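Listed below, chain by chain, are the residues.
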Amino acid sequence: MKTFPMFLKMDGRRVVIAGGGEQAAQKARLLCRTEAHLALVAPALDDELAALVDSGRAEHVTGPVTSGTFRGAALVFVASGCPALDAALHALATAAGAPVNVVDRPDLCDAFTPSIVDRDPVVVAIGTEGAAPVLARQIKTRVETMLDPRLGGFAALAGRLRGAVERQVPREGRRAFWRWAFDGAPRQLHQRGAEREAARRLKEAIAAGGAPDAATEGSIALVGAGPGAADLLTLRAVRHLQEADVIFYDRLVDPGVLELARRDAERVFVGKAVGASAWPQDRICEVIVSAARRGRRVVRLKGGDPGIFGRAEEELAAARAAGIAVEIVPGVTAASASAAALGRSLTERNVTDRVVFATATGADGQVVAGLADLARPGTSLALYMAVRQVPAIAAGLRAQGLPGETPVDVVAAATTGAERRIRSTLDRFTAAMDAAGIASPAVILVTVPKAAPAAALPLRRSA
Ligand code: SAH
């Protein structure tokens, strides 16, 4: 290590930024998050910096610059935008004994600014000693996804309760208390926005002299895994995966998604094929409830959005009947992913003003009756579980009087390595799907324009 990471106290310290343009403003933005006193050294300031001075957040230092300008500074940033001037300013600041950072000149830096993940008071700083700033930013992005946005608020709450814990929780129970606080119900509640409830639970436990029994803390989350690509998971879904004790998943979940789970989380495969669950739904309900009853944090991972053709109601009801805390984490549904894969929108001004998500296969495994009735003018119709029903769908839409040139697009395995896309029409999509060998899972998108000329829509003429 040629540099050593430290967190400097900034409260009331003087930080000098030499420069009045965008480079200086970037440093000022960063330092504004601290309680440092900012001194901006430049003949003129851009609008953003001038506003900081107007608001009293920073002081504008004009006039001749000497080493005295930098005396006593905790840090100096040199960012004039002019290399020769930067070098001169660096010499003056160094003469004043201040640690200096010169923008884009690692050779002149005593200190480097890290990439920062800010969950004040929790701060993660990533440095590469100036060797690879882009890499630092990539790492930052990954850390950002690991730390939920409310983490700082929770850490601050914990900080406020530290004294009470020291007084009321016996020494031997304190570690278990904090483990529970950061890993159990309080933090989970806080993450979901239930901040008051989180504080109430913490205070109750402090009053009771320690963390509650682990066996009472089980929970179930129905988590949307999205259409396949792991980077389409929500941050909340990733957090649940990283906190799970056990994950129940089925075939629609891409292996890349499971890689984001906590290493020692148990993984249980409960589904085999679309429409042909290896495990009957009752049994899935039973096992998720019984795992939660044993105090485990259960993630029920479901493809796409759990609330769309995901049998979520049955699992919600089972959890609620057992008095277990249950939560839904929404995901990107297959229709959205499919439209995105086609580079098109599900709605279009003056063309389609409604979207219908429909399953083509009913609970009995047969084609759903009346599907074609949904294909009214102005509709984007997204058909799920439709591959096996293609001939019936095509015949139904034709019988409804939809013109042969009605756009019909098909996307299979959207966002995965096996993705297939077909842009076609009602006349041709059946043959096109056969020719391409399209298999499930796929979404069929039928676009019935609103403003089509009357001649193109016999449906309207005869109606
Ligand atoms: N809850 C899921 C849907 C489950 S039903 C969601 O919100 O997406 C299963 C059907 O979803 C499949 O038959 C198929 O129609 C669709 N589907 C799921 N993943 C898909 C994908 N990656 N590409 C295209 N369709 C998909």
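The structure under discussion appears in the preceding block.
Residues numbered from 1 in each chain as written. Predicted model: local features only at pLDDT ≥ 70, side-chain atom pairs only at ≥ 80, totals over all residues. Heavy atoms only, no water.

(A) The site of the ligand, seen in detail. Of all residues adjacent to the ligand, which total 19 residues, the nearest are Asp-305, Ile-308, Thr-333, Ala-414 and Ala-442. Separating an oxygen atom of the ligand from a backbone N or O atom of Ala-334 is a distance of 2.9 Å. At 2.8 Å from a nitrogen atom of the ligand is found a main-chain nitrogen or oxygen belonging to Ala-414. When its residues are assigned to classes, the shell around the ligand shows 14 nonpolar, four polar and one charged. Of the residues that make up the shell around the ligand, three or more belong to each of domain 3 (218–331) and domain 4 (335–456). (Near = heavy atom within 4 Å. Polar contact = N/O pair within 3.5 Å; in protein donor to acceptor, adjacent residues only side chain to side chain. Nonpolar A, V, L, I, M, F, W, Y, C, P; charged D, E, K, R; others polar. Domains from an automatic or database assignment.)

(B) Spatial organisation of the packing of helix α11 (residues 281–293) against helix α12 (residues 312–321). Following both chains from N to C, one finds α11 and α12 inclined at 40 degrees, their axes separated by 9 Å at the closest point. In terms of axis orientation, α11 runs oblique to α12. The crossing of α11 and α12 is right-handed. Where α11 abuts α12, its residues Gln-281, Ile-284, Cys-285, Ile-288 and Val-289 lie against Glu-314, Glu-315, Ala-318 and Ala-319. Per-class residue counts for the contact of α11 with α12 are six nonpolar, one polar and two charged. (Axes fitted to C-alpha atoms, helices over the stretch in contact; angles between N-to-C directions. Helix = DSSP H or I, 4+ residues; strand = E, 2+ residues; numbered from the N terminus. Parallel < 35°, antiparallel > 145°, perpendicular 65-115°, else oblique. Left-handed = near helix turned anticlockwise from the far one by under 90°. Contact = heavy atoms within 4.5 Å.)

(C) Quick peek at the packing of aromatic side chains. Taken as a whole and assessed by the stated rule, the structure comprises seven aromatic pairs. Ring centres of Phe-154 and Phe-182 lie 5.7 Å apart, and the angle between their planes is 85 degrees; this geometry places the pair in the edge-to-face category. With Phe-154 in helix α5 (residues 151–168) and Phe-182 in helix α6 (residues 171–183), this residue pair connects regions lying 28 residues apart in the sequence. Judged by its relative accessible area of 33%, Phe-182 is partly exposed. Clustering of aromatic rings is evident, with ring pairs tying together Phe-154, Phe-177, Trp-178, Trp-180 and Phe-182. Across the ring face of Trp-279, the terminal group of Arg-283 is positioned such that the distance to the ring centre comes to 4.0 Å. (Phe/Tyr/Trp six-rings, centres within 6.5 Å; stacked < 30°, edge-to-face > 60°. Buried < 20%, exposed > 50% of the residue type's maximum accessible area, 1.4 Å probe, protein only. Lys NZ or Arg CZ within 6 Å of the ring centre and 35° of its normal.)

Any link to function would need more than the numbers given here.
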